[in-house]
There are 2 protein chains.
Amino acid sequence: MMKTIVIDGLGLIGGSIALAIREQWPNYRIIGVDIDERSLRYAKEKGIIDDGCAQLPDIASAADIILLAAPVAVILAHMDQLANIQLKPGVIITDVGSTKKQIMDKAESFNHRGICFIGGHPMAGSHKSTVTAARANLFQSAYYFLIPGIAGHTQHQQAIETLQALLAGLHVKWLILSATDHDQITAQISHLPHILAAGLVNMSQDTFSQSPLSLKLAAGGFKSITRIASSDPEMWTDILLSNRELLIDRIDRFTERLLQIKEALRVHDQDSIRRYFHHAKITRDHIQALPNDPAANFFDLFVNIPDQIGAVALVTRILQEAEINLVNIHILEIREEIDGILQLSFANQRDLSQAKKELQRRGLSVVRGD
Amino acid sequence: MMKTIVIDGLGLIGGSIALAIREQWPNYRIIGVDIDERSLRYAKEKGIIDDGCAQLPDIASAADIILLAAPVAVILAHMDQLANIQLKPGVIITDVGSTKKQIMDKAESFNHRGICFIGGHPMAGSHKSTVTAARANLFQSAYYFLIPGIAGHTQHQQAIETLQALLAGLHVKWLILSATDHDQITAQISHLPHILAAGLVNMSQDTFSQSPLSLKLAAGGFKSITRIASSDPEMWTDILLSNRELLIDRIDRFTERLLQIKEALRVHDQDSIRRYFHHAKITRDHIQALPNDPAANFFDLFVNIPDQIGAVALVTRILQEAEINLVNIHILEIREEIDGILQLSFANQRDLSQAKKELQRRGLSVVRGD
């Protein structure tokens, strides 16, 4: 059956979702909504959308499914627009906002009208980009959170299944949870970390304002802990403000921990400090070891390589000859805590096992491959 | 002229320094001191040292140069041992401790005896390992801090030059500064970051103790900001305790920033939050872009690659045929903020320029190479 899908916001995420729907449901009509004419023109030329439209209200009533793919603040504003529009019976509205509580609170008005609003959040790295970078497999193997407007409600359950079928081409891992759980989890593992990274960078910059050389001394550890401080300021301002209460609590809890370690330093409490680092190492090593790590979702093989010209070429040639697709490749250096080892990432266990066999057959020593 | 070098502590660092001295000064006599018999036996078998000894006092008086390569707490204890020993006239004592103030304070007693104590700290990533991982180029292009016992003193200046000649085989970047400057810089760009990373991991673990799945949702951002939480707890306990006063101050300063951003969230101060992230992004992007980045010290080339089997193999084969040594290789994914790009790292500008030429000659498009 033909359906009309309206995607409001044609950025990297909206565009990639459009491509995934296109692959899975070639006969669906996809209409992109964006105030940026160039994005619409590009998307239409590339066949990402069938038609473009500048304003959501002008097209919303034609939609079987409306996907709001904008920052949270914009999603909230456009939900207000939709509130005053006569929509198709059975229409499903969903979004991709980074926080869910504010959006799901506002969504209640739709539920009262008998319209299903299913909150959504595909977990891709924070990345400011345009539709020109869109690709159907952007979220491959990433987590995609879904939040039912009314938990356990049959109509909402069916709507979730409809959305999962619509977006099957994304090949994501679906996870259904409450808006509060979602915002608490993301506050801890994503929002607070961004606050810490940016704070550390700003503090370092101010500390060394008189000696610019000092910042240049920052080694690998500093670079990795502050990498996310390069994220899009606009997007993160929007995310923080949409998760204020929980983040204020997270900051309080983190500050308490800093004061505890400060006290341990003050009274020279060696045991507490050791426990602090020991506990962290055990937990962190465990996260790294998670097989279905959503950050990578790759199956890794670690190979010893001689430090000489051609060592990497040999490995990649062996994989090419065996027609095994390499998802990523990286030389782990001493500063990265392992020495002289080539890390190979594959898309699945089959590729990994075959690669392991081929490399060992050619005399290379596989350090770890699980 | 033949010299006797005593290296106290045969771990990764002591062993690597021994190898570098061996390469540069094959006729020098290198004596390793370690309580671990296996380390001594291994080092002697591999020719890393000429002789082994269990206790520093038993051999110290024979040394022309004594290098203390242990954790700070051990270095301080062994300095006390040396204080009561008749050492060779003109002997130079140095160390590789991660913090310098405590050590240089204690070193004053040597200076009063007319013995040169030159503090040292080679900036390799925190890495717990044994002599079996030692290699002469462990610190290649890394910064190596030197702290004169008496700044500007001729004898100490000459001692510094002697050490730089002795360790020329390390191929490090020498940086001479005061103990206080050293400890302030490392407190900000290394010690505080380790406290934050471990605290974030511990807090996340406690927050999700009832829902283990949540930690599995941690994406790339969380993994990069907490990577250093996997560092050796013993080593970091030692480092923190040896830099207590400055770290207590760093924690206070950082807490102030957290309270500022918390207040901005409380009063919904969008401009302050935007400035916070904007300022951080500008600074962090600049660090990443530093050409002589001590974390990598590589010259990077960014090449567009088609997403197909053999794409990486083609690039590595071209480099191999041109006999260009690849320092590292990495596919930058969307989650790493760039899409479909192969990052190639080289040891110097010459290799980078030649690689750029070769790759372009073979039709590959170089996105960035500077």
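Please read all numbers here as calculations on a predicted model, not as lab measurements. (Residues numbered from 1 in each chain as written. Chains lettered and ligands numbered in written order. Predicted model: local features only at pLDDT ≥ 70, side-chain atom pairs only at ≥ 80, totals over all residues. Heavy atoms only, no water.)

1. Quick notes on the overall build of chain A
A tally of helices and strands in chain A yields 13 helices and 12 strands. Oriented by its inertia axes, the alpha-carbon framework of chain A measures out at about 65 × 60 × 45 Å. Per-residue burial over chain A gives 57% buried out of 370 residues. Sequence-distant contacts in chain A: of pairs separated by 6 or more residues, those separated by 24 or more amount to 72%. Put simply, chain A shows about 14,800 Å² of open surface, and 51% of that area lies on carbon and sulfur atoms. One way to put it: in chain A the 36 positive side-chain charges average out to a point 3 Å from where the 41 negative ones average out. (Helix = DSSP H or I, 4+ residues; strand = E, 2+ residues; numbered from the N terminus. Buried < 20%, exposed > 50% of the residue type's maximum accessible area, 1.4 Å probe, protein only. Contact = heavy atoms within 4.5 Å. Areas by Shrake-Rupley, 256 points an atom, 1.4 Å probe, with all protein chains shown as cover. Lys, Arg positive; Asp, Glu negative; His and termini not counted. Charge placed at Lys NZ, Arg CZ, Asp CG, Glu CD.)

2. Description of the sheet that holds strand E3 (residues 51-53) of chain B
Strand pairing in a sheet relies on backbone hydrogen bonds. The paired strands run either parallel or antiparallel. Residue and element names in this part refer to chain B. Here we have 8 strands laid out as an open sheet, ordered E3-E2-E1-E4-E5-E6-E7-E8, and mixed in their pairing. Each of the sheet's edge strands pairs with one partner strand only, and the pair in question is E3 and strand E8 (173-176). Shown here is a sheet whose adjacent strand axes are inclined to one another by a mean of 25 degrees, direction ignored. Inspection of the sheet shows strand E6 (residues 116-122) paired to strand E7 (residues 143-147) by 4 bridges, in the antiparallel sense. Along E7, the bridge assignment pairs Gly 119 with Ile 147. Against the sheet, helix H3 (residues 72-83) contacts strand E1 (4-8), strand E4 (65-68), strand E5 (92-95) and E6, and its axis sits at roughly 150 degrees relative to E4. In the packing of helix H4 (residues 101-112) onto the sheet, the strands contacted are E5, E6 and E7, and the crossing angle to E6 comes to about 155 degrees. (Pairing = 2+ DSSP bridges. Axes fitted to C-alpha atoms, helices over the stretch in contact; angles between N-to-C directions.)

3. Considerations on the packing of aromatic side chains
All names here are of chain A. This model, assessed by the stated rule, comprises 8 aromatic pairs over all chains. Seen in terms of ring centroids, Trp 25 and Tyr 28 are 5.0 Å apart; in terms of plane orientation they differ by 10 degrees. Their pairing is stacked. A relative accessible area of 27% means that Trp 25 is categorised as partly exposed. On the numbers, 5.9 Å between centres and 25 degrees between planes, the contact of Phe 110 with Phe 117 is stacked. Comparing Phe 110 with Phe 117, the two get one shared label, buried. (Phe/Tyr/Trp six-rings, centres within 6.5 Å; stacked < 30°, edge-to-face > 60°.)

4. Side note on the relation of the copies chain A and chain B
When chain A is fitted to chain B, the best match, at an RMSD of 0.2 Å, comes from turning it 180 degrees and sliding it 0.0 Å along the axis. Taken together, the rotation and translation describe the operation of a two-fold axis. Within chain A, Ile225(A) has its C-alpha nearest the rotation axis, a separation of 1.8 Å. When the interface residues of chain A are mapped onto chain B, 100% of them are again interface residues, pointing to one common binding face. (Least-squares fit on C-alpha atoms with pLDDT ≥ 70 in both.)

5. Here's the deal with the pattern of salt bridges
Tallied over the entire structure, the rule returns 44 salt bridges over all chains. In this structure, Arg274(B) engages Asp271(B) in a salt bridge whose closest nitrogen and oxygen atoms are separated by 3.3 Å. Taken together, the residues Arg274(B) and Asp271(B), both in helix H11 (residues 270-289) and 3 residues apart, mark about one turn of the helix. Judged by its relative accessible area of 26%, Arg274(B) falls in the partly exposed class. A single network of salt bridges, built from pairs that share partners, joins Asp249(A), Arg250(A), Arg253(A) and Glu256(A). (Salt bridge = Lys/Arg side-chain N within 4 Å of Asp/Glu carboxyl O.)

6. Focus on the pairing of strand E4 (residues 65-68) of chain A
The side chains of a regular strand alternate, residue by residue, between the two faces of the sheet. All names here are of chain A. Residues of E4 alternate between two faces, with Ile 65 and Leu 67 on one and Ile 66 and Leu 68 on the opposite face, all of them buried. Where strand E1 (residues 4-8) and E4 come together, 4 bridges link them in parallel fashion. Along E4, the bridge assignment pairs Val 6 with Ile 66. Bridging between E4 and strand E5 (residues 92-95) involves 4 bridges; their strand directions are parallel.

7. Remarks on the interface of chain A and chain B
Tallying the contact residues gives 118 residues for chain A and 119 residues for chain B. Of the roughly 12,000 Å² buried between chain A and chain B on both sides combined, carbon and sulfur atoms contribute 64%. We note a salt bridge from Glu234(A) to Arg274(B), for which the minimum N-O separation is 2.9 Å. Here the side of chain A that touches chain B is built from residues that sort into 58 nonpolar, 34 polar and 26 charged. (Buried area = accessible area lost by both parts, 1.4 Å probe. Nonpolar A, V, L, I, M, F, W, Y, C, P; charged D, E, K, R; others polar.)

8. Here we look at the domain arrangement of chain A
Residues and elements named next belong to chain A. Examined at the domain level, chain A breaks down into domain 1 (4-177), domain 2 (182-285) and domain 3 (299-369). Relative placement of domain 1 and domain 2: their C-alpha centres are 33 Å apart. Counting from both sides, the interface comprises 15 residues of domain 1 and, opposite them, 15 residues of domain 2. For the pair domain 1 and domain 2, the summed buried area comes to about 1,100 Å², and 62% of that belongs to carbon and sulfur atoms. In this structure, the connection of domain 1 to domain 2 is made through 0 salt bridges. Class assignment for the residues of the side of domain 1 that touches domain 2 results in 6 nonpolar, 6 polar and 3 charged. (Domains from an automatic or database assignment.)

9. So, the environment of Glu321(B)
Residue and element names in this part refer to chain B. Looking at the secondary structure, you find Glu 321 in helix H12 (residues 311-321). Residues Glu 321 and Ala 136, spaced 185 residues apart in sequence, show a C-alpha to C-alpha distance of 27 Å. Of note is the side chain of Glu 321, whose polar atom sits 3.2 Å from the side chain of Arg 362. (Polar contact = N/O pair within 3.5 Å; in protein donor to acceptor, adjacent residues only side chain to side chain.)

10. Notes on the packing of helix H6 (residues 179-207) of chain B against helix H9 (residues 233-241) of chain B
All names here are of chain B. At a minimum axis distance of 11 Å, the contact between H6 and H9 shows a crossing angle of 120 degrees. What the angle tells us is that H6 and H9 run oblique. Viewed along their axes, H6 and H9 form a crossing whose handedness is left-handed. Residues Ser 190, His 191, His 194 and Ile 195 of H6 lie in contact with H9, whose contacting residues are Trp 236, Ile 239 and Leu 240. Grouping the amino acids of the contact of H6 with H9 by side-chain chemistry returns 4 nonpolar, 3 polar and no charged. (Parallel < 35°, antiparallel > 145°, perpendicular 65-115°, else oblique. Left-handed = near helix turned anticlockwise from the far one by under 90°.)

11. Details of H9(B)
Residues and elements named next belong to chain B. Judged by how many residues are buried, H9 sits mostly within the fold: 7 of 9 residues are covered. Turning to H9, its buried residues are Pro 233, Trp 236, Thr 237, Asp 238, Ile 239, Leu 240 and Leu 241. Backbone nitrogen of Glu 234 and a side-chain oxygen of the N-cap are separated by 3.2 Å at the start of H9; the cap is Asp 232.

12. Here we look at the sheet that holds strand E8 (residues 173-176) of chain A
All names here are of chain A. One open sheet accounts for 8 strands, arranged E3-E2-E1-E4-E5-E6-E7-E8; its pairing is mixed. Every interior strand has two partners, whereas the edge strands, strand E3 (51-53) and E8, have only one. The sheet shows a mean angle of 25 degrees between the axes of neighbouring strands, direction not considered. Sitting on the sheet, helix H3 (residues 72-83) is in contact with E1, E4, E5 and strand E6 (116-122), with an inclination near 150 degrees to E4. On top of the sheet, helix H4 (residues 101-112) reaches E5, E6 and strand E7 (143-147); it is set at about 155 degrees to E6, its chief contact.

13. Details of the environment of Leu82(A)
All names here are of chain A. The topology assignment puts Leu 82 in helix H3. Distance in space between the C-alpha atoms of Leu 82 and Phe 139 is 27 Å, their sequence separation being 57 residues. Not counting the four nearest positions on each side in its chain, Leu 82 is found in contact with Leu 56, Ala 60, Ile 66, Leu 68, Leu 87, Ile 93, Phe 110 and Arg 113.

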